Amino acid sequence: MRKTLLIAALLWALPMLAQSTTGELRLTVTDPAGLGLKSTVELVSQGNEYRHTFTTDDQGNLDAKRLPYGIYRAQIRAQGFAEVSEPVEIRSAIPLDRTIRLKVASVSESVNVSASRTLVDPYRAGSVNEMGLQTIENRLTALPGRSMQDLVNSEPGWLYEGNSVLHPRGSEYQTQFVVDGIPLTDNRSPSFGPEVEADDVDSLKIYTAGIPAEFGRKMGGVVEVNTLKSADPGFHGQLTLFGGAYDTGGINTQDQYTWNKNTFGLSASGNMTGHYLNPVVPQNYTNDGTTGSFSVSYERELTPKDRLTLIVRHELARYEIPNEFVQQNGAYVPNADNTVGCPPVPPADEPSDCVFIPGTQLQTGDNFETIGSVAYQHIFSSEAIGSLRGMARDNSNDFYSNPSSWPLIATQHNDFKEIYFNGNFSVHHGSQEWKAGLESDAIFLHENFRYLMPDCADPSDPQCPINLGILDAGATTFAFTGSRPDLEQSAYVQDLIRLGNWTVNAGLRWDHYQLLLNQNALSPRVAISRYFPSLGVNLHASYDRIFQTPSFENILLASSPAAEALDTSVPAVQLPVQPSHGNYYELGSTKAFFEKLRLDANMFRRDVNNYADDSQVLSTGISFPIAFRKAILYGAEVKFEVPHWGRFSGFASYSYIVGNVWNPVTGGLFLGDDASGATSQLTGHFPDSQDQRNTVRVRVRYQVAPRLWVAVGADYNSGLPFQPDLTPQQYATEYGQVVINHLNFNLGRISPYFTQNASVGADLYQREKRSVRLQADVQNLSNELEVIDFGGLFSGNALGPSRQYTFRLVSTF
């Protein structure tokens, strides 16, 4: 105990810094005499999907911040001077100082500029997917609550399960979003937490392997999100209006004002839709949702070596929980003695072995979050930089049921308070960048859950869900309240080394986790690449040792002795959820063809002990973490990407994933039949719930005219596994035959589905930095029924949206 407290005290006391794999360019443009020259500078990196045009001040200076590591080309123009194109490499968090001297233009002088040589970074040690502003701006318009998730899900190796829950390479949840340097490790899907809207995002960087040692705790995938814009002088902003099918509509504004050495930013949004979560039946019952957000940021260049950044964000979501047929319309349900089923509509005489459930259920949920962060950066010398960052967050999640809810009237009021600090110190010398850092995270959990079984005041009432066999024997009323801190600390050191055509990123991370258990782990990581200039190929390989902490959603309830009363039909199985330990391997290559097309190909394998999964409390959809002995996940990914080839741009990707999970269970709460299975199924393996073998995504854009473009795309999903516990006829009564037609009961898999989309975009007005553009999207053109998940009665069904259209109007200034 003393040792733990001492370590925690040291972590709190030492300087802290946020995770970051970005650098900075400080450029000065002069005339032949060395005097500062006001000019226009276009900075381009096709590999990072970065393109921005800057204007230097009267002294010829500009500061391009938050540039992802890689190769750029700077194209400089000034009236009366020859145009210059210069390569720029960003390899360090330490600002790169460059001075470029222009020459007086001659009549015959011209410059041949090619940004295509920035398509492949020959010195990138591992695989990473970059997403820039143009891709984000021209994305398919998403339903409220999932715009960020849709962007990530477009990359190979990622897929949706349930309500837009992201699963990277077969991992259950375990995705962290690092927003402006702050890691958010809780579930950010629409039914768990409010989103950071895509309109607020300037760039994304996505890791699934070769993950630097500075990232930890949730290691399925890491998504770095940058919401801070380039600090162009003056007042600039963007206003977005959108609307479409499902009574969807929204507004988003982003505004920024830069003066002297200050930048103030503001963003706000409000959205509504009739399709917030994925419904369980095609009728899309009770599925309204609204979201909103407001944020302000302030950045101040205190001195040329000191920078202060402040950000405050408030987000909220309110939504309904989709109903099934029985919950919405009412229906006859067979009692325990019925073996033939019940009529779908009320007959003249009520069958003696059927009970009518009235329907009209309404369950609602909401999420609220307020987060504030402060960051300070200091440059010690031309080779050393240090920073610190702190964050405080208040997050709440509620669940309500009206009196007609069935088979449970459940309520939940969960919240957590989080205090987070991190920091590092970097030294860049020659071909090496050495980096060391510390972080500390304290999350104070509070859970409040209760339910009432309707019609169970009299235990012999035939309408009691226990007597109907819908629920097993257990408490007809239940209440739980619990609080506990989740304390986590870590330290890391890493070295990025460039040796000729070789690049090595090696690191070591230490983690400490204390919630239900107290564990420490050391995690070595290494990524190596070799560039072959004659072939234009970058080969890379990586190994990541991971220590992955359990999800904390409802973990106190699931681990409490009181939870055993939820189901008393058989003794409950209750084990503390262990952190996952695993090894990630990847081998891949990147190559450019014709300086226009880039091919990324990767093979991977993940071996994970105490494999994280989730279960739920009875029929509520309120989930909690569980774990199995191990899982083996492997597969391959290929992506072709054309940033710009004549009038064409786009991408095509293919993912192949196989995942198997081995018994027995090693953590979590198991009730009823699940408890029987946990004690009897001690060997063998089964497909993990994200075992979708084949996924294809394609989108091609064609520039019809300078101000008009069209795009078409398609998605193919081969289908997730499911475990049926009823006959197809019984399922058809609950969900309709149209849903059951998309299930293959012989294979235990959802049938494949193929959807198409189309877009058209037009620049209605464009002058200097002012523009108005309109985009129209149609998704699921063939109106295919997308059965994403099928989990049985009152559990994990998820149906994707039917054909939908949206319009988005964007004004920038």
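Everything below is about the structure printed above this text.
Since the structure is predicted, the reported quantities are computational estimates derived from the model, not experimental observations.

Caption draft 1: Layout of the environment of Gly 650. Considering the arrangement of structural elements, one finds Gly 650 in strand E34 (residues 648-670). Measuring from C-alpha to C-alpha, the distance between Gly 650 and Val 700 comes to 4.3 Å, with 50 residues separating the pair along the chain.

Caption draft 2: Focus on a negative patch on the surface. Where like charges cluster on the molecular surface, the negative patch consists of Asp 472, Asp 673, Asp 674 and Asp 725. Its relative accessible area of 33% is what places Asp 472 among the partly exposed residues.

Caption draft 3: Expanded view of unusual backbone geometry. Residue Pro 407 is reached from Trp 406 by a cis peptide bond, and omega for that bond is 5 degrees. With respect to the element layout, Pro 407 can be found in the loop between strand E23 (384-401) and strand E24 (409-429). In the Ramachandran plot, Arg 66 falls in the positive-phi region, its phi being about 55 degrees despite a non-glycine side chain. Relative to the elements of secondary structure, Arg 66 occurs in strand E4 (residues 61-68). Phi at Arg 217 takes a positive value of approximately 80 degrees, unusual for a residue other than glycine.

Caption draft 4: Structural detail: the sheet that holds E4. Spatially, 3 strands are ordered E4-E1-E7 in an open sheet, and the strand pairing comes out mixed. Each edge of the open sheet carries a strand with a single partner, namely E4 and strand E7 (96-101). Strand-to-strand, the axes of this sheet are offset by a mean angle of 25 degrees, without reference to chain direction. Where strand E1 (residues 22-30) lies against E7, 6 bridges are found, and the strand directions are parallel. If you follow Arg 26 over to E7, its bridge partner there is Asp 97.

Caption draft 5: Structural view of the pairing of strand E36 (residues 694-705). Direction of pairing for E34 relative to E36: antiparallel, over a ladder of 9 bridges. Bridging across to E36, Ala 652 finds its partner in Val 698. By the bridge criterion, 10 bridges tie E36 to strand E37 (residues 708-717) in an arrangement that is antiparallel. Looking at the pairing, Thr 695 lines up with Asn 717 of E37. The turn joining E36 and E37, which pair antiparallel and follow one another in sequence, is formed by 2 residues.

Caption draft 6: Spotlight on the state of the cysteines. Taken as a whole and judged by the stated rule, the model has 1 disulfide. The residue that forms a disulfide with Cys 456 is Cys 464, at a sulfur-sulfur distance of 2.0 Å. Given an S-S torsion of about 95 degrees, the disulfide between Cys 456 and Cys 464 has right-handed geometry. When its relative accessible area of 3% is taken as the criterion, Cys 464 is described as buried.

Caption draft 7: Structural view of the side chain of Lys 218. Here Lys 218 is to be found in the loop between strand E13 (203-207) and strand E14 (221-226). There is no salt bridge for the buried Lys 218, and the closest opposite charge comes from Glu 488, which lies 5.2 Å off by N-O distance. Setting aside residues no more than four positions away along its own chain, Lys 218 makes contact with Gln 174, Thr 175, Gln 176, Thr 185, Gln 548, Thr 549, Pro 550 and Ser 551.

Caption draft 8: Spotlight on a nonpolar patch on the surface. Nonpolar side chains collect at one region of the surface, where Leu 239, Leu 241, Ile 251, Leu 764, Tyr 765, Leu 774, Tyr 805, Phe 807 and Leu 809 lie side by side and expose about 780 Å² of accessible area between them. Taken together, the elements giving at least two residues each to the nonpolar patch come down to strand E15 (234-244), strand E40 (753-767) and strand E44 (804-812). Element by element, the count of residues in the nonpolar patch is highest for E44, at 3 residues. Position of Leu 809 among the secondary structure elements: in strand E44.

Caption draft 9: Expanded view of the side chain of Thr 240. When you line up the elements, Thr 240 lands in strand E15. The buried category is assigned to Thr 240, whose relative accessible area is 1%. The residues touching Thr 240, leaving out its near neighbours within four places in the chain, are Asp 199, Gly 250, Ile 251, Asn 252, Arg 808, Leu 809 and Val 810.

Caption draft 10: Representation of the nonpolar core. Ranked by size, the top nonpolar core spans 58 residues in total, and within it Leu 445, Phe 449, Tyr 451, Ile 555 and Leu 566 carry the most contacts. If we ignore the near neighbours within four places in the chain, the residues touching Phe 449 are Ala 410, Thr 411, Gln 412, Phe 478, Ala 479, Phe 480, Leu 557, Val 617, Thr 620 and Ile 622.

Caption draft 11: Inspection of the sheet that holds strand E6 (residues 84-90) at higher detail. In space, the 4 strands of this open sheet follow the order E3-E2-E5-E6, with antiparallel pairing throughout. In the strand order of this sheet, the two ends are held by strand E3 (50-55) and E6, each with one partner. Across this sheet, the average inter-strand angle for adjacent strands is 20 degrees, counted without regard to direction. Two elements, strand E2 (residues 40-45) and strand E5 (residues 70-77), share 5 bridges in a ladder whose sense is antiparallel. Residue Val 41 lies in a different strand from E5, and its bridge partner there is Ile 76.

Caption draft 12: Representation of the environment of Ser 297 within the structure. Along the chain, Ser 297 turns up in strand E18 (residues 289-303). In this structure Ser 297 comes out as buried when scored by relative accessible area, which is 17%. As a C-alpha pair, Ser 297 and Glu 42 span 255 residues in sequence and 26 Å in three-dimensional space. Setting aside residues up to four positions removed in sequence, Ser 297 forms contacts with Leu 228, Thr 263, Phe 264, Gly 265, Leu 310 and Ile 311.

Definitions and limits used
- Residues numbered from 1 in each chain as written.
- Predicted model: local features only at pLDDT ≥ 70, side-chain atom pairs only at ≥ 80, totals over all residues.
- Heavy atoms only, no water.
- Helix = DSSP H or I, 4+ residues; strand = E, 2+ residues; numbered from the N terminus.
- Patch = residues over 30% accessible without salt bridge, like charges linked within 9 Å, V, L, I, M, F, W, Y side chains within 5 Å.
- Areas by Shrake-Rupley, 256 points an atom, 1.4 Å probe, with all protein chains shown as cover.
- Salt bridge = Lys/Arg side-chain N within 4 Å of Asp/Glu carboxyl O.
- Lys, Arg positive; Asp, Glu negative; His and termini not counted.
- Charge placed at Lys NZ, Arg CZ, Asp CG, Glu CD.
- Buried < 20%, exposed > 50% of the residue type's maximum accessible area, 1.4 Å probe, protein only.
- Pairing = 2+ DSSP bridges.
- Axes fitted to C-alpha atoms, helices over the stretch in contact; angles between N-to-C directions.
- Disulfide = S-S within 2.5 Å.
- Contact = heavy atoms within 4.5 Å.
- Core = buried A, V, L, I, M, F, W, Y, C linked by side-chain atoms within 4.5 Å.

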